[in-house]
Amino acid sequence: MYMMFVDESGDPGYPADGKWANFGGSKIFAKVGVILHGWKWKAWNDRLMQFKRRNGLAWNDEIKASHIRKGKDCFVGWDSARRLKFLNDLADLIGLNVDITLIGIVIDKRKVDITQSERIVKPDIRSMEFLLERYNYFLDNQKDKAGIVVLDPTHEKSDDDIRYFQSYLQTHSVHLKPLHLVESTFFAKSHTSNMIQVADVCTNIFYNEMLHQRNEEPYKAIHNRFFRYNGKIKGVGIKRWPL
């Protein structure tokens, strides 16, 4: 069975006055799924634990991209050069692992027609729909076609909404037929899951690239892990919406 670990970056809000120039929130919203087969999990987890040890971290230190970039939590006292090297090395570790597949969704909130239904307007919900559809398509092209979804829980209410929405999609979406997703969404707190931490880092790297388009080293390192079908990545491993 495959597992897709999911995280998101950006906020789902819109400016109350409709003016983006002075809006304090994010202009885009990104979600990334990190896919790994269950049989491959232990080998990858061991590799990540070794990576932590080599860099002076404890086995239970939580890797978060925002902490790396800002020098917080277990990265307190690290200078910017050391933190950047850590991020680049981790991105290389992910990018060179052929057992990992990424799916990235980015929503430009400035282009969303907010008069539409809640399912269309809410970027956290809309991005989940796109992500599940592409994950299901990925599973359809594997020998083992079963997969689960694992998220980092944020707010209890939004978690319930995601669970309900996934159940709704599994029943009604024509893009999830034949259905390969098992049950509903599962949740694992990031400090207890190395794979959720990897999803956090990948999402942060993806978000920064989609926002700034700088093609920085961490993004170049993980880019080849995004899902492709017949050599196509646009709309498959990376989905931008609205166009």
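Keep in mind the model is a prediction, meaning the values are calculated, not measured. (Residues numbered from 1 in each chain as written. Predicted model: local features only at pLDDT ≥ 70, side-chain atom pairs only at ≥ 80, totals over all residues. Heavy atoms only, no water.)

A.B. asks: Explanation requested: the environment of Ser-66 in the structure shown.
C.D. replies: Tracing the backbone through its elements, the reader meets Ser-66 in helix H2 (residues 65–70). Take Ser-66: its relative accessible area is 29%, and that puts it in the partly exposed class. Along the backbone, Ser-66 and Asn-204 are 138 residues apart, and their C-alpha atoms lie at a distance of 7.8 Å. (Helix = DSSP H or I, 4+ residues; strand = E, 2+ residues; numbered from the N terminus. Buried < 20%, exposed > 50% of the residue type's maximum accessible area, 1.4 Å probe, protein only.)

A.B. asks: Before we go on, may I ask you to explain the packing of helix H3 (residues 80–95) against helix H7 (residues 194–212) in this structure?
C.D. replies: For any two helices packed against each other, one specifies the crossing angle of their axes together with the interaxial distance. At their nearest, the axes of H3 and H7 sit 11 Å apart, and the two run at 105° to each other. Taken together, the axes of H3 and H7 are roughly perpendicular relative to one another. Between H3 and H7, the residues in contact are Leu-87, Leu-90, Ala-91 and Ile-94 and Val-198, Val-201, Cys-202 and Ile-205, respectively. For the contact of H3 with H7, the per-class residue count stands at eight nonpolar, no polar and no charged. (Axes fitted to C-alpha atoms, helices over the stretch in contact; angles between N-to-C directions. Parallel < 35°, antiparallel > 145°, perpendicular 65-115°, else oblique. Contact = heavy atoms within 4.5 Å. Nonpolar A, V, L, I, M, F, W, Y, C, P; charged D, E, K, R; others polar.)

A.B. asks: Even after reading the chapter, I still don't get helix H1 (residues 41–54), so can you show me in this structure?
C.D. replies: Three or four residues apart is the spacing at which side chains of an α-helix point the same way, because the helix has 3.6 residues per turn. Counted at 1.5 Å a residue, the expected span for H1 with its 14 residues is 20 Å, and the 20 Å between its end C-alpha atoms agrees. Regarding H1, the residues found buried are Trp-44, Asn-45, Leu-48, Met-49, Phe-51 and Lys-52. The arc enclosing the buried residues of H1, seen along the axis, measures out at 155°, which places them on a common side. Away from its buried face by more than 90 degrees, H1 exposes Lys-42, Arg-53 and Arg-54. Among the structural elements, strand S2 (28–37), H3 and H7 are those in contact with the buried residues of H1. Phi turns positive, to about 80°, at Gly-56, one or two residues after H1. (Expected span 1.5 Å × (residues − 1). Arc of directions from axis to C-beta.)

A.B. asks: Can you help me understand the packing of aromatic side chains in this one?
C.D. replies: To describe a pair of aromatic rings, you give the distance between the ring centres and the angle between the ring planes. In this structure the tally under the stated criterion is 13 aromatic pairs. When the ring of Tyr-14 is compared with that of Trp-20, the centres are 6.2 Å apart and the planes differ by 70°; the resulting orientation is edge-to-face. Centroid distance Phe-75 to Phe-86: 5.1 Å. Interplanar angle 65°. Geometry classified as edge-to-face. Here Phe-75 is found in the loop between H2 and H3, whereas its partner Phe-86 is found in helix H3, with 11 residues between them in sequence. For the pair Phe-75 and Phe-86, one class covers both residues: buried. Clustering of aromatic rings is evident, with ring pairs tying together Tyr-2, Tyr-137, Phe-138, Phe-227 and Tyr-229. One Lys or Arg, Lys-239, reaches over the ring of Phe-130 and ends 5.2 Å from the middle of that ring. (Phe/Tyr/Trp six-rings, centres within 6.5 Å; stacked < 30°, edge-to-face > 60°. Lys NZ or Arg CZ within 6 Å of the ring centre and 35° of its normal.)

From the geometry alone we can't say anything about function, so treat these as descriptive.
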